[in-house]
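Here are the chains, one letter per residue:
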Amino acid sequence: MNHKEPLVRMKKRSTVSLKQAVLVRLVAVLLSLVVCAVFIVIVTQQNPLQVYAGIVDGAVGTGRRAWVTVRETVVLLLIAVGLAPAFKMRFWNIGAEGQVLMGGLASAALMIYLGDLLPNVVLLVIIFVASMLAGLIWGYIPAFFKARYNTNETLFTLMMNYVAMQIVTFCIVFWENPAGSNTVGIINSASQKGWFPSIAGNSYILNVIIVLIFTVLMYFYMTYSKQGYEIAVVGESQNTARYAGINVKRVIKRTMMISGAICGLAGMVTVCGAGHTISTSTANGRGFTAIIVAWMAKFNPFFMVLISALLVFMQQGAIQIATQFGLNKNASDIITGIILFFLIGCEFFINYELEFRKKQKEA
Amino acid sequence: MDTNYAIELKNVTKRFGEVVANDSVDLSLKKGEILAILGENGSGKTTLMNMISGIYFPDEGHIFVNGQEVTIRSPKDSFDLGIGMIHQHFKLVPIFTAAENIVLGLPAEKGQGMSRVEADVQALVDRYGFDMNPARKIYDMSVSQKQTVEIVKVLYRGAEILILDEPTAVLTPQETERLFQVLKNMRDDGKSIIIITHKLNEVMEISDRVAVLRKGKYIGTVKTSEATIPSLTEMMVGEKVSLNIDRSEPVNSELRLEMKGVSCRNKEGTVTLNKASFAARSGEILGVAGISGSGQKELLESIAGLQHMEEGEIWYYPPGGEPQALHSLSVTEIRNLGVRLSFVPEDRLGMGLVGSMDITNNMMLRSYRNGKGLVTDRKTPEQLARTIIEELEVVTPGVTTPVRRLSGGNVQKVLVGREISSNPTVLMVAYPVRGLDINYSYTIYNLLNKQKENGAAVICVGEDLDVLLELCDRILVLQGGRVAGTVDARSATKEQLGLMMTGTIGKEEAVNEP
């Protein structure tokens, strides 16, 4: 028999103080920046500090850039807020992408068809309702099948994304502008009908207000309402939920309608509040990034603010350095990837500690 | 090192976070003996054995097998040393035969067909007096036969040292008897056996020596012939405890709940409850006995509104009111009728409570619908949580600690506390003391007795027949989903119950109700 202890063993931590948890995450962020720096030096042969300065410059360097960062942050945040109740219920809603797209599609359609008929305020209210309705339907369909036939919601919601994309492609055929471009172009660029109005001279204030209202509402819904309690119980144990007399199927359907509706609203914020156009890449992967945001925040809407801000900050900064140093766009994806790797990976060190083999003492 | 010992442990320590599961334990197993490891739940018996069988690695200490110091890093290492462990939960492939399960994962010898394997297995079966057919599929087998397959499996692989983790927990008295005979045959053949248990009478019956653990610490080893049940109890608990349950005569007993001809099927279409009928009366404890999986779960869940019933009726007779039909009602509908029905299910953290939530949130499972409008009321459940912590002496760092972090006994106090807080007229409990140590068990028995004195109809599903006979007024016996009969707990014997549980005697002979 050999006589060696294993070199490294994992040990579960019993309790983790807030200080420790914050410290581990800070170390993770620092380490990720170091690894990013190594990557940048290899690729660009530039001083990494300069590159980091470029990132900061790209994210908040000018007033306009800062506002773009804010605009992107709140959209990501809104989708994460929408996903939170679904994931809290352990319903793996991978379909935010499609729900956002459907909300955006409803918004674009109304802008195009009702733009000339209604005053802007009325139009925006109608779009507000319609976009949420569109997302709600897109969220309800997989929930219905989950509740009725116990289908796998991960696959179902994922496939609904592709259906949504095909519908958008189909609509673009009718809405092409200019003809032959295969894009919709800026909708109502002259009349600005269906555009979010500027408040105090800034066109993104309304985005921020809407998202913050929903973030706060979601916090109270999840923490203090009866329905929020039901969601938590269903997520932890459907058996316990049944025992307590909770109608599990109804909770699944109701929660997914809420989740889908908020994602649909995110589509409106994207279309009416930012892009003023629609394409298959309107959601642009945010539906997936938002999953990371929701999970890393442990479904607490206020932590989601911080995490979505960090992610968007890095993304915007990476776009800047990509142009500044002549890298292609994939370089920014790699940087974001490295940061996510460290942030998610550090969760392991929050839950476990490593124990190394002790020096053998001679008996 | 002394080679008379099959296994020797010296100063073995294992910690999980801040919990010390084993605190420098010394232990020795002689060759050709049966050693019982006795201790209450949570005293570290299973952890200790898991280190011998390679599932955990000790933090400190030395392990010797046949006088050689060894390092066991994996179950395979343990196998190579001739150690075989039979776990509480079986690890068998249901659609394979016994023989196929036994050779699963072993390299085949040249020209070795299944018929030769079956013959080899049969030889082992005959040698030790097992009751098993090697060609039978696992899904056709009873729990005790599956256990036999597990034992034969480790013997076939050449184990000289066998460790059995609570082997009798799932067996009837008759099956236990047979298992013990087999174990003795194996010992006489020179095998060394460790049996983990917390049942004292079994220790006295089967073992040569007893090692006692208490709260992770090694207390000592005694010869069984020199020990008595009280002396072992004292070693195990650390103090003298009285082992009597006060049973009062039922007062003003009246019909409270009646089940008539209820049948249920599970998802696979198998009948789980077969035309079951019984009556529960106020002010008495009705015990429910049976081999596990005889329909106990379905019986309670159909009353609670959690089980789809194929046929049958359930009637509730409120004190001084009109009878109400409970069959085909949901949990919510039953509650809305004002029926004070409480239910402590078998699966505490998977059904009765939410493990990751704190005590207050778990109180809310029953009351979260109270409160104005959409907002749920948290104040009342928080007060209830504090009351329960205080009155039932729940050991917890605070009301905000997740119940998963509490010990088994405290989890059960929280659950029972919540269920009796509504002053139930019918209280159903399933395996209320499973996994609890002696002191906590008696706390729970007393709570049940108090509910009985308050006039509740208590229905208690249990597994320890000795306890049921001491605690209950009447005992209903289930056998394969059927009601085999109801006996008077004051006059019935354990053997009689055992025969009814296995279907050897039926309803007609067994009813000796007054």
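Refer to the structure above for everything that follows.
I will try to describe carefully the structure that is included in this document. None of the values given here were measured: they were computed from a predicted structure.

Residues and elements named next belong to chain B. The sheet built from six strands is open, its strands ordered 16-17-18-13-19-20 with mixed pairing. The open sheet has two edge strands with one neighbour each: strand 16 (341-344) and strand 20 (482-488). Strand-to-strand, the axes of this sheet are offset by a mean angle of 15°, without reference to chain direction. Pairing geometry for strand 16 and strand 17 (residues 426-430), over four bridges, is parallel. Along strand 17, the bridge assignment pairs Phe 343 with Met 428.

Let us look at helix 14 (residues 408-420) of chain B. All names here are of chain B. Look at helix 14: 18 Å from first C-alpha to last across 13 residues, which is about the 18 Å you get at 1.5 Å a residue. The buried count for helix 14 comes to twelve of 13 residues, which makes it a mostly enclosed element. Residues of helix 14 that are buried: Gly 409, Asn 410, Val 411, Gln 412, Lys 413, Val 414, Leu 415, Val 416, Gly 417, Arg 418, Glu 419 and Ile 420.

Let's shift gears to the environment of Ser 302 of chain B. Residues and elements named next belong to chain B. Note that Ser 302 resides in helix 9 (residues 296-304). Classification of Ser 302 as buried rests on a relative accessible area of 3%. Along the sequence, Ser 302 and Leu 329 sit 27 residues apart, while their C-alpha atoms lie 9.5 Å from each other. What Ser 302 contacts, discounting residues up to four positions off in sequence, is Met 259, Val 262, Cys 264, Leu 273, Gln 307, Met 309 and Ile 314.

This paragraph deals with the side chain of Asn 207 of chain A. All names here are of chain A. Mapped onto the fold, Asn 207 is located in helix 7 (residues 205-224). In this structure the side chain of Asn 207 is engaged in a polar contact, spanning 3.3 Å, whose partner is the backbone oxygen of Gly 273. The residues touching Asn 207, leaving out its near neighbours within four places in the chain, are Arg 71, Val 74, Phe 196, Val 269 and Gly 273.

Here we come to unusual backbone geometry. All names here are of chain A. The linkage connecting Asn 177 with the following residue, Pro 178, adopts the cis geometry, with an omega of -5°. If you trace the backbone, Pro 178 turns up in the loop between helix 6 (153-175) and helix 7. One non-glycine residue, Asn 150, lies in positive phi territory at about 55°. Here Gln 192, not a glycine, exhibits a phi torsion of approximately 55°, which is positive. Take Gln 192: it is sitting in the loop between helix 6 and helix 7. We classify Gln 192 as partly exposed; its relative accessible area is 41%.

It is worth spelling out the side chain of Arg 418 of chain B at this point. Turning to its location among the elements, Arg 418 of chain B is positioned in helix 14. Looking at Arg 418 of chain B, its side chain comes within polar contact range of the side chain of Glu 419 of chain B, at 3.1 Å. Apart from the residues within four sequence positions on either side, Arg 418 of chain B is in contact with Tyr 243 of chain A together with Gly 352, Leu 353, Asn 362, Met 363, Leu 365, Arg 366 and Ile 388 of chain B.

Before going further, it helps to spend a moment on the environment of Gly 54 of chain B. Residues and elements named next belong to chain B. In this fold, Gly 54 is placed in the loop between helix 1 (45-52) and strand 4 (60-65). Classification of Gly 54 as buried rests on a relative accessible area of 6%. Sequence-wise, Gly 54 and Thr 71 are 17 residues apart; in three dimensions their C-alpha atoms are separated by 9.0 Å. Once you skip the residues sitting within four places of it in the chain, Gly 54 turns out to touch Ile 72, Arg 73, Ser 74, Pro 75 and Ser 78.

Residues and elements named next belong to chain B. Counting buried residues along strand 13 (residues 284-289), six of its six residues qualify, which places the element largely inside the surrounding structure. Here strand 13 shows two buried faces, one formed by Glu 284, Leu 286 and Val 288 and the other by Ile 285, Gly 287 and Ala 289. With five bridges joining them, strand 13 and strand 18 (residues 457-461) adopt parallel strand pairing. The residue of strand 18 that forms the bridge with Val 288 is Val 461. Where strand 13 meets strand 19 (residues 474-479), four bridges bridge the pair, whose relative direction is parallel. Pairing of Gly 287 across the sheet is with Ile 475, part of strand 19.

The next subject is the sheet that holds strand 11 (residues 255-265) of chain B. All names here are of chain B. On the basis of which strands lie adjacent, the open sheet formed by four strands has the order 12-11-14-15 and antiparallel pairing. Edge positions in the sheet fall to strand 12 (271-281) and strand 15 (324-325), since each of these pairs with one other strand and no more. Here strand 11 pairs with strand 14 (residues 311-316) via five bridges, running antiparallel. Bridged to Ser 263 within strand 14 is Glu 311.

The next point concerns the pattern of salt bridges. Residue and element names in this part refer to chain B. Per the stated rule, a full pass over the model turns up 35 salt bridges over all chains. For the salt bridge of Lys 10 with Glu 8, the shortest nitrogen-to-oxygen distance reads 3.6 Å. Between Arg 209 and Glu 33 there is a salt bridge whose closest N-O contact spans 2.8 Å. Of this pair, Arg 209 sits in strand 9 (residues 209-214) while Glu 33 sits in the loop between strand 2 (19-30) and strand 3 (34-38), and the two are 176 residues apart along the sequence.

Let's shift gears to helix 6 of chain A. Residue and element names in this part refer to chain A. In this model helix 6 runs 32 Å from its N-terminal to its C-terminal C-alpha over 23 residues, within 8% of the 33 Å that 1.5 Å per residue would give. On its buried face, helix 6 sits against helix 4 (96-114), helix 5 (120-149) and helix 11 (286-296). Between the side-chain oxygen of the N-cap and the backbone nitrogen of Thr 154 there are 2.8 Å, and the N-cap of helix 6 in question is Asn 152.

Right, let's get into the packing of helix 14 of chain B against helix 15 (residues 438-453) of chain B. Helix packing geometry: the angle between the two helix axes and the distance between the axes. Residue and element names in this part refer to chain B. In contact at an axis separation of 10 Å, helix 14 and helix 15 are set at 10° when each is read in the N-to-C sense. Viewed along their axes, helix 14 and helix 15 adopt a mutual orientation that is roughly parallel. Counting all contacts with helix 14, which are made through Gly 409, Asn 410, Gln 412, Lys 413, Val 416 and Ile 420, the residues of helix 15 involved are Tyr 440, Thr 443, Ile 444, Leu 447 and Gln 451. A per-class count over the contact of helix 14 with helix 15 returns five nonpolar, five polar and one charged.

Conventions we followed
- Residues numbered from 1 in each chain as written.
- Chains lettered and ligands numbered in written order.
- Predicted model: local features only at pLDDT ≥ 70, side-chain atom pairs only at ≥ 80, totals over all residues.
- Heavy atoms only, no water.
- Pairing = 2+ DSSP bridges.
- Helix = DSSP H or I, 4+ residues; strand = E, 2+ residues; numbered from the N terminus.
- Axes fitted to C-alpha atoms, helices over the stretch in contact; angles between N-to-C directions.
- Expected span 1.5 Å × (residues − 1).
- Buried < 20%, exposed > 50% of the residue type's maximum accessible area, 1.4 Å probe, protein only.
- Contact = heavy atoms within 4.5 Å.
- Polar contact = N/O pair within 3.5 Å; in protein donor to acceptor, adjacent residues only side chain to side chain.
- Salt bridge = Lys/Arg side-chain N within 4 Å of Asp/Glu carboxyl O.
- Parallel < 35°, antiparallel > 145°, perpendicular 65-115°, else oblique.
- Nonpolar A, V, L, I, M, F, W, Y, C, P; charged D, E, K, R; others polar.

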